[in-house]
Amino acid sequence: MKLALITALSLAAALVAALALVLAMSGVKEPPQLESMSAADQRLGSGAPVPPYERFPARDGAQLAYRFYPGEPGKGVAIAIHGSSGVSVAVHGVSSGFAAAGIATYALDLRGHGESGTLGDLAYRGQSENDLADLVAFVSARHPQEKLLLFGHSLGGAFVLRVAGSPLASRFAGIIASAPILSSSGPTSRPDTGGWTHVSIPRIAVLTILNRLGISALDGLPVIAYAVPPAATGKRARIYSHRLLASLMLPRDWQPTVASIARPTVVMIGADDALFVAGAYPAAIGAVNNRIPVDVLAGIDHMGMVYTPAAVAATTARATQLMDGR
């Protein structure tokens, strides 16, 4: 019995040492600059004036930042979510388009981004959804008679699909996922997200195992770095912790979440997207949930989805349809 116990303890110690070694040796490094993303960054915030930051209280007492775009009574209210390493100004084009159509819009700095919390991190997995629920309560109190729309771009698009498969989805008349990342592998993905990311897969694997064992103390370790331009607009998170990435991404097996979506939801993506394989989206989404239409916009690239006039017009038209129940 003692020998068996000693052997078991030795194996456990060896496993812990191996996991610790993987965590120590598998850090992240910032990838080289991605020209398409650097060029697009210069377009963010162009056009209509960017509203100043305002703040709302989250359940933990934190004051999270957003920008408000006024609309018209009776046209509904949208919440707009930026993509990876982004800030609210990244969805300025779409937010301005919504507002011009009468849809008031709250463009959020997600916690861990811009003026909301510590860059690249949050307190626990799932805090992003709690923050969104708090924002929904705040917005609903200010606009009690208005329907709500949820919009997200890129990683924000993945996040809104995640929300669309959750109980919080019932608060929204419609959901738009613009160029959402579905998975880091599979037919819709490109290696290293087209050069936008460097991911520590070994570290993610170890932290995932630890989480399944109920150990989350190391979830603050960095697991992904982004090719953020040196002169990027706003406070930009260049590196994410495991808990921040896990809070925004769809699950590794994303299909069940998307299959469960019952609220009116639309996926949109530019045909020239250099981060994801746009042509694979209709089949990938349709195979698991044929109630979700996929609009592939010709001549539009990844970031163009949130600022080019054609993409903003198409997205605004979809938003109006969802608000009208069409």
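Above this text you will find the structure in question.
> Any chance you could explain a nonpolar patch on the surface here in plain terms?
Judged by side-chain polarity, Ile209, Leu213 and Ile215 come together as a nonpolar surface patch covering roughly 280 Å² of accessible area. With respect to the helices and strands, the residue isoleucine 215 is situated in the loop between helix H7 (201-212) and strand E8 (222-226). The class for isoleucine 215 is partly exposed, based on a relative accessible area of 40%.

> Could you clarify how one ought to interpret the environment of glutamine 145 in this entry?
Note on placement: glutamine 145 falls in the loop between helix H4 (127-142) and strand E5 (148-153). Separated by 72 residues in sequence, glutamine 145 and proline 73 have C-alpha atoms that sit 8.8 Å apart.

> Which parts of the structure should I look at to understand the packing of aromatic side chains?
The description of an aromatic ring pair rests on the distance of the ring centres and on the angle between the ring planes. Overall, the coordinates contain eight aromatic pairs when judged by the stated rule. Look at tyrosine 226 and tyrosine 240: their rings are 4.9 Å apart centre to centre, the planes differ by 70°, and that puts the pair in the edge-to-face class. Pair noted here: tyrosine 226 is in strand E8 and tyrosine 240 is in strand E9 (residues 239-241), with a separation of 14 residues, a long-range link. Tyrosine 240 gets classed as buried once you look at its relative accessible area, which sits at 1%. Taken together, the aromatic side chains of Phe56, Tyr66, Phe68, Tyr106 and Phe138 make up a single cluster linked through ring pairs. Here the guanidinium or amino end of arginine 67 rests over the ring plane of tyrosine 53, the centre of that ring lying 3.8 Å away. Across the ring face of phenylalanine 68, the terminal group of arginine 142 is positioned such that the distance to the ring centre comes to 5.7 Å.

> Just to check I follow, could you spell out unusual backbone geometry for this structure?
For residues besides glycine, phi is generally negative; the peptide bonds are generally trans as well. Of note, the phi angle at alanine 179 is positive, near 45°, even though the residue is not glycine. Following the sequence through the fold, alanine 179 ends up in the loop between strand E6 (174-178) and helix H6 (192-195). Phi angles above zero are rare outside glycine, and aspartate 192 is one such case at about 50°. Along the chain, aspartate 192 turns up in helix H6. Aspartate 192 sits in the partly exposed class, given a relative accessible area of 47%.

> Is there a simple way to explain the sheet that holds strand E2 (residues 63-69) in this structure?
Pairing between the strands of a sheet is mediated by backbone hydrogen bonds and can be parallel or antiparallel. Here we have eight strands laid out as an open sheet, ordered E1-E2-E4-E3-E5-E6-E10-E11, and mixed in their pairing. Each edge of the open sheet carries a strand with a single partner, namely strand E1 (53-57) and strand E11 (294-297). Averaged over neighbouring strand pairs, the angle between their axes works out to 25° when direction is ignored. Strand direction decides the pairing type here: strand E3 (residues 77-81) and E5, joined by five bridges, are parallel. Bridged to valine 77 within E5 is leucine 148.

> Just checking my understanding: could you explain the environment of arginine 67 for this structure?
Its location among the elements puts arginine 67 in strand E2. Put simply, arginine 67 and tyrosine 106 are 39 residues apart on the chain and 5.7 Å apart in space, counted from C-alpha to C-alpha. In this structure arginine 67 touches Val50, Pro51, Pro52, Tyr53, Ser88, Val89, Thr105, Tyr106 and Ala107, once residues within four positions along its chain are discounted. Of note is the side chain of arginine 67, whose polar atom sits 3.0 Å from the side chain of serine 88.

> I tried to follow the sheet that holds strand E7 (residues 197-199) on my own but got confused; where do I start?
The sheet built from three strands is open, its strands ordered E7-E8-E9 with antiparallel pairing. Edge positions in the sheet fall to E7 and E9, since each has one partner strand and no second. Strand-to-strand twist across the sheet, computed as the mean angle between neighbouring axes with direction ignored, equals 20°. Sheet topology places E8 next to E9; three bridges connect them, and they run antiparallel. Note that in E9 the partner of alanine 225 across the bridge is isoleucine 239. Contacts between H7 and the sheet are confined to E7 and E8, with E8 contributing the most and set at about 145° to the helix.

> Can you help me understand the pattern of salt bridges in this one?
Oppositely charged side chains are able to pair whenever their charged atoms sit close together. Scanning the model with the defined rule gives 10 salt bridges in all. Lysine 75 serves as the salt-bridge partner of glutamate 72, at 3.4 Å between the closest nitrogen and oxygen. Using a relative accessible area of 38% as the deciding quantity, one classes lysine 75 as partly exposed. Note that glutamate 115 is salt-bridged to lysine 235, the shortest N-O span being 3.5 Å. Within this pair, whereas glutamate 115 is found in the loop between strand E4 (104-108) and H4, its partner lysine 235 is found in the loop between E8 and E9, the two being separated by 120 residues in sequence.

> Any chance you could explain the packing of helix H3 (residues 92-100) against helix H11 (residues 309-323) here in plain terms?
In a pair of packed helices, the angle between the axes and the distance between the axes together describe the arrangement. Between H3 and H11, the least distance of the axes is 9 Å, while the angle of their chain directions is 50°. Our classification of the angle between H3 and H11 gives oblique. The element H3 and its partner H11 pack so that their crossing is right-handed. Contacts from Gly93, Val94, Gly97 and Phe98 in H3 reach Val312, Thr315, Thr316 and Ala319 in H11. Considering only residue class, the contact of H3 with H11 consists of four nonpolar, four polar and no charged.

The rules behind these values
- Residues numbered from 1 in each chain as written.
- Predicted model: local features only at pLDDT ≥ 70, side-chain atom pairs only at ≥ 80, totals over all residues.
- Heavy atoms only, no water.
- Patch = residues over 30% accessible without salt bridge, like charges linked within 9 Å, V, L, I, M, F, W, Y side chains within 5 Å.
- Areas by Shrake-Rupley, 256 points an atom, 1.4 Å probe, with all protein chains shown as cover.
- Salt bridge = Lys/Arg side-chain N within 4 Å of Asp/Glu carboxyl O.
- Helix = DSSP H or I, 4+ residues; strand = E, 2+ residues; numbered from the N terminus.
- Buried < 20%, exposed > 50% of the residue type's maximum accessible area, 1.4 Å probe, protein only.
- Phe/Tyr/Trp six-rings, centres within 6.5 Å; stacked < 30°, edge-to-face > 60°.
- Lys NZ or Arg CZ within 6 Å of the ring centre and 35° of its normal.
- Pairing = 2+ DSSP bridges.
- Axes fitted to C-alpha atoms, helices over the stretch in contact; angles between N-to-C directions.
- Contact = heavy atoms within 4.5 Å.
- Polar contact = N/O pair within 3.5 Å; in protein donor to acceptor, adjacent residues only side chain to side chain.
- Parallel < 35°, antiparallel > 145°, perpendicular 65-115°, else oblique.
- Left-handed = near helix turned anticlockwise from the far one by under 90°.
- Nonpolar A, V, L, I, M, F, W, Y, C, P; charged D, E, K, R; others polar.

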